[in-house]
Amino acid sequence: MPPGISTLAADAPELSAANTGFMLICSALVMLMTPGLAFFYGGMVRVKSTLNMLMMSFISLGIVTILWVLYGFSLAFGTDSGSIIGWSSDYVGLSGIGITELWDGYTIPVYVFAVFQLMFAIITPALISGALADRVKFTAWALFITLWATVVYFPVAHWVWGAGGWLFEMGVIDFAGGTAVHINAGAAALGVILVIGKRVGFKKDPMRPHSLPLVMLGAGLLWFGWFGFNAGSWLGNDDGVGAVMFVNTQVATAAAMLAWLAYEKIRHGAFTTLGAASGAVAGLVAITPSGGAVSPLGAIAVGAIAGLLCAMAVGLKFKFGYDDSLDVVGVHLVGGVVGSLLVGLFATGGVQSEVKGLFYGGGLDQLGKQAVGVFAVLAYSLVVSAILAFVLDKTIGMRVDEDVEVSGIDQVEHAETAYDFSGAGGGTGSRKAVPPAVDAVAGAGQNKKVDA
């Protein structure tokens, strides 16, 4: 009997229609996060790369879904082998699972657990794409997703969440994906950009977001979907833990947004919409691993600390010279590290488990465990992702030609453009009618990345 499928013993849990329905809704909410991410990223790039950015997220919905059904679920949540990887033949193709068989110890079917975890597997490689804007061949990206999900995400998910996984058995707390999702994706992004290099014009051209309303729409969809991502990770509603996680998700996100905006105002003199959106995402990232262990007051602290540190971290790319196009490293890697480590400080021992952090009398034990989880996932993902990018770059090539990057990747890779202005009153003719001085003022008034 593979792990996760409950027996027919008299004391075995019974299927709960309420929990099953709740988890199906949460799964749909997490699925919505990937299109939300596409809009969030798509608005932050220049017009000529909008469709490519959208497609880099959407293609993950196709590729990872098929991989998950064929073997991904088995690798992540099958019978443990050496605390490193799982495998259960009944999970291959989801072919050996009965429709009423329950996930071990829970009241939801295995199918429901599998589809909920599938949505996590989909969005994680999509997160990486924001660091690679403007310059990666779509075919190379699709192949990278296939390889990365197989050799990085599926094993790491087993380490963190799978029965027998070494980080799971150690007692590392990751409620909904600080290590398995955000650190994993952020470290991978850093590994790839170190291999493929900078965009043409990095540090020279402004590269401003072309649609801040689209960014805000994407951030709103992410915030909305994240309630399913976080509250759903308790796999039910029987003891109130999911409700605490729901509250903490809202609280930390609000605190992080305010902290980011305060940092912007103090350092740069303005409250930007891009800062509000980025701060909200930073808070969502940081509370993901920690929200089931902290109180609402702790969630305020987690969010505020993450908002401040991530706002500071997005400028590091200009100091150290790595081109993290849309701040995946600055937000997801840094936010994931902050949220995961703060479990060791703010865990109350009164929510998801009895584990207490340093500030609640628990000493340094849990902080040490969290640090092991953080740096193990970071190192593994960084190194393996860089190797995968290097191999692909030396074989099929990861980057588009320079002239394609300059002229716009959308037309070459997708044979389309994001916006058709041909019927908007004269096209280039109406552009020429704008006085140069007015046009210059309008351009200068655009919001831009605050540390650019």
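Counting restarts for each chain, with residues numbered from 1 along the sequence as it is written. Reporting of local features is limited, given that this is a predicted model, to residues whose pLDDT is at least 70; pairs of side-chain atoms are given and counted only at 80 or more, and all residues count toward the totals for whole chains, interfaces and linings. Side-chain figures throughout are based on the complete set of non-hydrogen atoms in the structure, without hydrogens or water.

## Remarks on unusual backbone geometry
For step 1, the next point in the chain: Positive phi, normally seen in glycine, also occurs at Leu94, with a value near 50°.
For step 2, the next point in the chain: A positive phi angle, close to 85°, is found at Asp134, a residue other than glycine.

## Some words on the nonpolar core
The tendency in soluble globular proteins is for nonpolar side chains to be buried side by side.
For step 1, the next point in the chain: Counting residues in each nonpolar core, the largest one holds 112 residues, and the members touching the most others are Phe40, Phe73 and Leu132.
For step 2, the next point in the chain: By residue number, the principal contributor to this core is helix H4 (residues 138-161), which donates 16 residues.
For step 3, the next point in the chain: By convention a nonpolar core is built from buried Ala, Val, Leu, Ile, Met, Phe, Trp, Tyr and Cys residues, the set being connected through side-chain atoms within 4.5 Å. For each residue, the accessible area found with a 1.4 Å probe, counting protein chains only, is set against the maximum for its type, and the residue is called buried under 20%, exposed over 50%, and partly exposed in between. In this structure, Ile287, Val294, Ala306 and Leu342 belong to the second largest nonpolar core, which totals 11 residues. Each helix is a run of H or I in the DSSP string that is no shorter than four residues. Each strand is a run of E no shorter than two, and both are numbered from the N terminus.

## Some points on the packing of aromatic side chains
For step 1, the next point in the chain: Side-chain rings of Phe, Tyr and Trp, where Trp is taken by its six-membered ring, are said to pair if the distance between their centres is within 6.5 Å; with planes under 30 degrees apart they count as stacked, over 60 as edge-to-face, and otherwise as tilted. The tally for this structure, following the rule as stated, stands at 24 aromatic pairs.
For step 2, the next point in the chain: Note on Phe120 and Phe229: the rings are 4.2 Å apart at their centroids and 15° apart in plane angle, and the pair reads as stacked. With Phe120 in helix H3 (residues 110-128) and Phe229 in helix H7 (residues 212-231), this residue pair connects regions lying 109 residues apart in the sequence. Pair check on accessibility: Phe120 and Phe229 agree, each one buried.

## Digging into a nonpolar patch on the surface
For step 1, the next point in the chain: In this scheme, patches are assembled from residues that exceed 30% relative accessible area and form no salt bridge. Like charges are connected within 9 Å, while nonpolar side chains (Val, Leu, Ile, Met, Phe, Trp, Tyr) are connected within 5 Å. Per-residue accessibility takes into account occlusion by the displayed protein chains alone, with areas from the Shrake-Rupley method and a 1.4 Å probe. By definition, a salt bridge exists where a carboxyl oxygen of Asp or Glu is found within 4 Å of a side-chain nitrogen of Lys or Arg. Residues Leu358, Phe359, Tyr360 and Leu364 make up a contiguous nonpolar surface patch of about 390 Å² in total accessible area.
For step 2, the next point in the chain: Mapped onto the fold, Leu358 is located in the loop between helix H12 (328-346) and helix H13 (365-395).

## Focus on the pattern of salt bridges
For step 1, the next point in the chain: Summed over all chains, the structure comprises seven salt bridges.
For step 2, the next point in the chain: With a closest N to O distance of 3.5 Å, Arg199 and Asp134 form a salt bridge. One end of the pair, Arg199, is in the loop between helix H6 (178-196) and H7; the other, Asp134, is in the loop between H3 and H4, and 65 residues separate them in sequence.
For step 3, the next point in the chain: Using a relative accessible area of 9% as the deciding quantity, one classes Arg199 as buried.
For step 4, the next point in the chain: Taking the relative accessible area as the measure of exposure, Asp134 reaches 3% and is therefore buried.
For step 5, the next point in the chain: The shortest N-O distance in the salt bridge between Asp327 and Lys317 comes to 3.0 Å. Taken together, the residues Asp327 in the loop between helix H11 (316-320) and H12 and Lys317 in helix H11 connect sequence positions 10 residues apart. The pair formed by Asp327 and Lys317 is uniform in burial state, with each residue classed as buried.
For step 6, the next point in the chain: Each of Arg46, Asp134, Arg135, Arg199 and Asp323 takes part in a single network of salt bridges with overlapping partners.

## Remarks on the side chain of Thr348
For step 1, the next point in the chain: As for its position among the elements, Thr348 is in the loop between H12 and H13.
For step 2, the next point in the chain: For the purposes of these results, a polar contact is taken to be a pair of N or O atoms within 3.5 Å, where, inside protein, one atom must be able to donate a hydrogen and its partner to accept one; residues adjacent in sequence count only when each atom of the pair is a side-chain atom. At 3.1 Å, the side chain of Thr348 forms a polar contact with the backbone nitrogen of Gly350.
For step 3, the next point in the chain: Only heavy atoms enter the contact rule, under which two residues are in contact if any of them lie within 4.5 Å. When neighbours within four sequence positions are excluded, Thr348 is seen to be in contact with Ala293, Val294, Ser295, Val355, Lys356 and Tyr360.

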